[in-house]
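# Observations on the model geometry
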Amino acid sequence: MLAQLIALRKQKNLTIQNVADALGIAKSTYASYESGYRQPPIDALIKIADFFSLSLDRLVDRPFEAVIHLDHPQNECCRLFIDGQALTEAERKEIIAFIKVKRTLH
């Protein structure tokens, strides 16, 4: 995660002070997260993830797996995201069709 924090900050051309100010914490506190001297508590991780528009799983480089029945009518409320963008209904249907075809080939 340390390299991830540094890379995210540098991608946005931000300083440690910029990020610390946005999170409402001391510069030294955020610097200690990047250096690995301190582990951020969960509330800080949430703020960092929100600031960089990431899920917590993605922030800590944890693979995310979900079991969702995409073609089940009760799941109309489910929103799936790829690269931070919600899938449209048409994209959901394409994914379902793709998987069904792929399964028939195996």
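Let us look at the structure shown here. This is a predicted model, so every value here is computed, not measured.

## Some words on the overall build of the chain
In terms of helices and strands, the chain carries six helices and two strands. The secondary structure elements of the chain, listed N-terminal to C-terminal, are α-α-α-α-α-β-β-α. Counting all 106 residues of the chain, 25% fall into the buried class. Long-range contacts, defined here as pairs at least 24 residues apart, represent 44% of the contacts in the chain between residues at least 6 apart. Element-wise, carbon and sulfur atoms account for 55% of the exposed surface of the chain, whose accessible area totals about 7900 Å².

## Quick look at the pattern of salt bridges
Within the structure shown, the criterion is met by two salt bridges. A salt bridge links glutamate 34 to arginine 9; the shortest N-O distance between them is 2.6 Å. Of this pair, glutamate 34 sits in helix α3 (residues 27–35) while arginine 9 sits in helix α1 (residues 2–11), and the two are 25 residues apart along the sequence. Residue glutamate 89 is joined to arginine 92 by a salt bridge in which the shortest nitrogen-to-oxygen separation is 3.7 Å. Of this pair, glutamate 89 and arginine 92 both sit in helix α6 (residues 89–105), three residues apart, roughly one helical turn. Residue classification places glutamate 89 among the partly exposed positions, given a relative accessible area of 35%.

## Some details on the packing of helix α2 (residues 16–23) against α3
Following both chains from N to C, one finds α2 and α3 inclined at 110 degrees, their axes separated by 8 Å at the closest point. Between α2 and α3, the crossing angle belongs to the class labelled roughly perpendicular. For α2 against α3, the interelement crossing comes out right-handed. Residues Ile16, Gln17, Val19, Ala20 and Leu23 of α2 lie in contact with α3, whose contacting residues are Lys27, Tyr30, Ala31 and Glu34. Here the residues of the contact of α2 with α3 sort into six nonpolar, one polar and two charged.

## With respect to the packing of α2 against helix α4 (residues 42–51)
The geometry of α2 relative to α4 is characterised by a closest axis approach of 10 Å and an angle of 110 degrees between their N-to-C directions. Judged by the angle between their axes, α2 and α4 are roughly perpendicular. Crossing of α2 over α4 shows right-handed handedness. Across the interface between the two elements, Val19, Ala22 and Leu23 from α2 touch Lys47, Ile48 and Phe51 from α4.

What counts and how
Residues numbered from 1 in each chain as written. Predicted model: local features only at pLDDT ≥ 70, side-chain atom pairs only at ≥ 80, totals over all residues. Heavy atoms only, no water. Helix = DSSP H or I, 4+ residues; strand = E, 2+ residues; numbered from the N terminus. Buried < 20%, exposed > 50% of the residue type's maximum accessible area, 1.4 Å probe, protein only. Contact = heavy atoms within 4.5 Å. Areas by Shrake-Rupley, 256 points an atom, 1.4 Å probe, with all protein chains shown as cover. Salt bridge = Lys/Arg side-chain N within 4 Å of Asp/Glu carboxyl O. Axes fitted to C-alpha atoms, helices over the stretch in contact; angles between N-to-C directions. Parallel < 35°, antiparallel > 145°, perpendicular 65-115°, else oblique. Left-handed = near helix turned anticlockwise from the far one by under 90°. Nonpolar A, V, L, I, M, F, W, Y, C, P; charged D, E, K, R; others polar.

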